[in-house]
Amino acid sequence: MRELATGGYVVLEDGTVFRGESVGADGTAFGEAVFATAMTGYQEILTDPSYAEQLICFTAPMVGNYGVARGRSESARPQARAAIMREARGPAWTDWLSDNGIVALTGIDTRSLVLHLRDCGSMRAAVAAGASAYEDTLETVLEQPAMAGRALAAEVSTPEPVVYSDAGLVSVAVIDYGTKRSILRRLTSAGAMVTLMPHDVDSGTLAGFDGVLLSNGPGDPEPLVAEVATIRELLGRVPVFGICLGHQLLALATDHETYKLPFGHRGANHPVLHRASGRVLVTSQNHGFAVAPSDEEEATHISLYDGTVEGLSYPKLDAYSVQFHPEASPGPHDARLLIEDWVAELCRRKAVERA
Amino acid sequence: MPRRKDLKSICVIGSGPIVIGQACEFDYSGCQALKVLREEGFRTIVVNSNPATIMTDPGFADRTYLEPLDVTGVTSVLERERPDALLPTLGGQTALNLATMLSEAGVLDELGIELIGAPVEVIRRAEDRLLFRDAVQSVGLRVPESRIVTQLSDLAGVSLPAVVRPAFTLGGHGGGFVSTRAQLERQAAVGLSESPIGQVLVEESVRGWDEFELEVIRDRLDNVVIVCSIENLDPMGVHTGDSVTVAPQMTLSDEAYQELRDASIAIIRAVGVETGGSNIQFARERDTGELRVIEMNPRVSRSSALASKATGYPIAKVAAKLAIGYTLDEIPNDLTKTTPASFEPTLDYVVVKFPRFAFEKFPGADSTLGTQMKSVGEAMGIGRTFSEAFLKARRSRELDAGVSSPWLELDDLPEGIHPWFLSEIERIRLALGRIPALDHLDADELLRLKRLGLSDAEIAEAAGCEEPELRAKRLALDIRPTYRRVDSCAGEVEAASNYYFSTWGEVDEAAPDPEREKQSVVILGSGPNRIGQGIEFDYCCVHAAQSFRELGYEAVMVNCNPETVSTDYDTSDRLYFEPLTIENVLAICERERPAGIVIQFGGQTPLKLARAIEAAGFHIMGTPFEAIDLAEDRERFGDLLERLAIRCPEWGMASTSEEAIGIADRIGYPVLVRPSYVLGGRAMRVCYRPDDVRSALVAAARKVLIDRFLENAVEIDVDALSDGECTYIGAIMQHVEEAGVHSGDSSCVLPAPSLTPAVSEEITTIIRRLGPALGVVGLLNVQLAVVGEEVFVLEVNPRASRTVPFASKATGVNLVAAACRLGDGVKIPELGLPPERPPRQYSVKAAVLPFSRFPGADPVLGPEMRSTGEVMATAEDLPTALAKAERAAGRELPASGRAFFSVRDADKSAAVPVAAALAGLGFELVATRGTARAFAGAGIEIGEVLKVSEVEGKEGTTVVDLIRRGRCDLVVNTPQGSGARTDGYLIREAALIARVPCITTISGAAAAVQAIANARSSESCSLQERIAADSGAAPEGRSREEETS
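Residues numbered from 1 in each chain as written. Chains lettered and ligands numbered in written order. Predicted model: local features only at pLDDT ≥ 70, side-chain atom pairs only at ≥ 80, totals over all residues.

Considerations on the domain arrangement of chain B
- In terms of domains, chain B is made up of domain 1 (9–124), domain 2 (141–351), domain 3 (511–621), domain 4 (623–646 + 710–839), domain 5 (650–709) and domain 6 (894–1014).
- Put simply, the middle of domain 2 of chain B and the middle of domain 5 of chain B, counted by C-alpha atoms, are 48 Å apart. (Domains from an automatic or database assignment.)

Quick look at the interface of chain B and chain A
- Counting residues at the interface gives 46 residues for chain B and 40 residues for chain A.
- Looking at the side of chain B that touches chain A, the elements that each hand over two or more residues are helix 8 (254–271), helix 13 (443–452) and strand 17 (481–485) of chain B.
- Looking at the side of chain B that touches chain A, the element that brings in the most residues is helix 8 of chain B, giving five residues.
- Its residues assigned to classes, the side of chain B that touches chain A shows 20 nonpolar, 11 polar and 15 charged. (Contact = placed C-beta atoms within 7 Å. Helix = DSSP H or I, 4+ residues; strand = E, 2+ residues; numbered from the N terminus. Nonpolar A, V, L, I, M, F, W, Y, C, P; charged D, E, K, R; others polar.)

A word on the pairing of strand 21 (residues 574–577) of chain B
Residue and element names in this part refer to chain B.
- On strand 21, burial covers both faces: Arg-574 and Tyr-576 on one face and Leu-575 and Phe-577 on the other are all buried.
- Taken together, the two bridges between strand 18 (residues 499–504) and strand 21 define a ladder with parallel strand orientation. In the strand pairing of strand 21, Tyr-500 is matched with Tyr-576.
- The pairing of strand 20 (residues 554–559) with strand 21 spans four bridges and is parallel. In the strand pairing of strand 21, Val-556 is matched with Arg-574. (Buried ≥ 20, exposed ≤ 12 C-beta atoms within 10 Å, placed from the backbone. Pairing = 2+ DSSP bridges.)

Some points on the sheet that holds strand 26 (residues 704–708) of chain B
Residues and elements named next belong to chain B.
- On the basis of which strands lie adjacent, the open sheet formed by four strands has the order 23-26-24-25 and antiparallel pairing. For this open sheet the edge positions go to strand 23 (651–654) and strand 25 (685–687), each flanked by a neighbour on one side alone. Here the strands of the sheet are splayed against their neighbours by 25° on average, with no regard to which way each runs. (Axes fitted to C-alpha atoms, helices over the stretch in contact; angles between N-to-C directions.)

Here we look at the pairing of strand 18 (residues 309–314) of chain A
All names here are of chain A.
- Here strand 17 (residues 299–303) runs beside strand 18; their pairing, made up of three bridges, is antiparallel. Considered in strand 18, the bridge of Ala-299 is made with Leu-312.
- Connecting strand 17 to the antiparallel partner strand 18 that follows it, the hairpin turn spans five residues, and Gly-307 within it adopts a positive phi of roughly 75°.
- Sheet topology places strand 18 next to strand 19 (residues 319–322); four bridges connect them, and they run antiparallel. Across the sheet, residue Ser-313 finds its bridge partner in strand 19, namely Tyr-320.
- Hairpin geometry of strand 18 and strand 19 is characterised by an intervening segment of four residues between the two adjacent antiparallel strands and by a positive phi of about 60° at Asp-318.

Below you can see the structure in the form of structure tokens.
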């Protein structure tokens, strides 16, 4: 079968090559090749810090249709290393990719790449914009570290505490392992004063807050030993709510196991069962690691795809977490109220304390 | 929550005949539901008047009733069957309206039948404009500002422009956009008369806003998923059924899309749909993002069929499971099997739907698109990019040469189209403009053009060469399509899906194993519905798939009509959702390497490909191309008839009007003139004078066929089977209307009531000679005319005909299954068919005509087919069957009242006995002057009434006034020539608007009178019982006695 004559390519660590044309920055990007199945939200995805060190293959066939908008970014800059697309559209989008130094290819047989990653698992890869020899690139790919075992929170976390908003009824500290802006926005709009804390903040600093939110973030939770220890110290002292990586860290702090999923959950259509009510939430997800299935009572939410634990609840410790993204962005709003409800509960308690 | 245990039997209502706005999609949804209900162990009962549906096949339900879909018809079935529940959400608006009426009439309460799927309050809340507005506003959303109008005086103070929308009508029927006060009043009057509850909504116009639809499903635990988003390329103002649409939506950002998603969920909750699917339409102002909720259907719809085919998520099947108690997470995703239905499909391809119009059939009608649906069918294209899907769907329309249609050329774009679509289409135009001559086209460039979605034919035209040349070069360059799976999840979950579409320059996915045990048979479908080629052929294709599977083959389906059962991936072993062009079909054959290709069930569409399929070295199963050519080539066919000593009307072929008039003089007037290149009655005319011939020739602008037109002939349709040697007569049917009315528009009776044994014998002999002489292997349809004792052959179609489903249901013989076995090499004597004998009961097929959709076109029957669908009724005697069929077709004959006559001179003497019979039945007769005098002269008491042209500018009550005021119950009007603004036209139009039965042929009137005089009320009888009684065996399934004992 004939292929288009093109300059760019994706090379996977197993030597598989997919060819396409560059529509972004020059150069070669290295990272873990993963696929995301949301049909909208390309800008949010690329700017989500959880995608650090990753090469994103969009399953949506047409990407860039509605341009870019400043307010849509989930962080100050794109965090993923590359965008792999079947059809990139619009100068607004491709200019944004170039301007932000993102290597991007169009014309890729994305479905075949996705099926390959699904069958063989996410793997190290490179996306090359130029017409370099892929054999050389492959050698460099094999020199890169694998995602399992990588602690990446430090690379995307704020170095210093930052007050995000100082108006609100309760104070919430967000431990920034790579937080999305929309989590901060949801907290603020729910009535919280929000302070962003570095990933290695100590529990003493956090003790004075009305609540602590463990944010999302990239990489493997397991090597984040110090962060887990901090969370352990917090449990029972300050109300805790975890999202995504934050959920995995809470799980580790409460002796659950995490493991690397073969190809992750990245999309906006994942069904999650809330065990107590029997209700199903359609959720926004983005994680390469997961909390191993558990029958324990604290496992409140279960993935209907693979049974991994999607939610934890420790009422006695005042700690809760979800694997999916209640803040959505991109994705469905089914779980949006979780953040609001948590803040509302903090407010209620504060009111009781004051009374 | 598991399946409900308190229900044992469920009745499903179908949607009746195919009409504009309600087509095959409800056969698809009905079939899916019935499959589910039977698998779950329910006793199932179906009521549907449409014989061409798969859902009314005897094997699909325990009891099948081909009864009129009115309160009387359905009540009689419910009384007889006493089901525990009625499921009305799968039979379109017809079933939903019936459910409301049955509930209001107290029938459901009285019989203790539960309405499942959608309770009456929910139906009302979604359908009643006022209640719906309240529900929408209760969740903080807006509907266009509006006012409910029940009388014209309510219109004072309405601001313009506005839209008039009648409540409870099909496809927005009777509504429209108005910008002046006069338009407003006129449209409101139409709307009030069309709405069964006499209510219209006059609302704020959102014309030009972007239009979106979301398909939503909710279960009894309040879990909600969005199955699909659909975006219209035609902005608001054009009915969504007439719009080009794309899925998923292409132009909204995530935040904008989520706003629609949130709104949809809030609305389905507010309206209270608890178990099933709904479709919600939005208008969105492009720049401000302002939203208006336009409409909601609390049921499976045309859009949900499209969404099911677009995503692989079987909405009707899931809706049926929800109705019987399951929740979404308990239902497996059909394609992955390992994940649940409580997810939202994600697409890694794009789907585009094009409407198929038929304005050429309705000269005089306004072809401007508006809020009232006018398209007769649709085609869908799947591609990896928008342009690929767009171009596939566009060419799948199969437009006839020379017709005009919206979206005809790439430049024909609707006003206000979103710039994103504009730029995508511009991309195609630019690429087409840059195509060099064939010799200069290099491999990379050609592959890029194919990836854009252009067909070989389109590239060849731009390159100035023939399609086969282009294809040869493409294949030499090793540029071939590859196939991808539709799996509902963008590859995230492993799916053993058998549903494919083609694309270019990618890896081929899950190619059939060349070493596989079973060989495959490729069945070519019939493409988009159009007038003359509709659901009947899909019925045949679905049966062919079933039959070949039973014969040990893999059935492979190719079709591009998203409404159909044939494009349900459950129907075949592999489904290719592809245009039915030679390029696409050959590519599929290359991949499949099938044992054979079946072309005789998809109507005319596959027949057109026969020559090229054989030329490419593939085997056509059953009737070969040679037989088709022999039947279609008039010269060759003429020679054959002569050789067999079979009579046909004298004929000739002409290129100039002099030649044509010469031929007409030779064979004698009247003559039938038609272009030689079309079948099915397109542009066919009966000419009485040389002038008529001249103008017919101008209209045809090409070579024409001229046949002697047999006046007062009885027309006969025969469906038969042949194995090349032996021929089996399946059914001999008689048309109610005389020759000259297209067979598809004529009512049809089985057994044929007016054939003498000698004539029957002669017809049989002719068919037995024709089958083998043509070399038919499979189905054969012959149209004949009988004048006195003389039999003439008019036309032979060596393929399944429109009447096959009707004939099969009336006789109980599955003609398609038999034809498939013949194609597989079985001989007729080995088929074990019952003896050739007419059925004991009378079955009548009546056509349903869409005239009320095309104001301006003359609603008169003629040689050009214009019906969209058909109904069937069976009874012990012919008058009862006729009356029931008319009732099922929505034209219930009056039992008494006033009948109006206006007939042309040639019909006057034939009309006298008809009028006399009506008078004898107690009807008061009125007529226009000429007719009245002729009748009075024959001693019939009759009143005289004025024509419109007779009062021009003066005072006086005309026949049109009479009809408008509801003071006329039956109109018999045979046309004195047709055309807008003639008196006859005005009479027929008035009858159409007032919904008074209007009969335009004397034979039709005679049959109607016979039906009025002699019809008896008859108990309904299921298909299963009737077939069993005919064959003397006990019916399949449990009988009522067993059930209650």
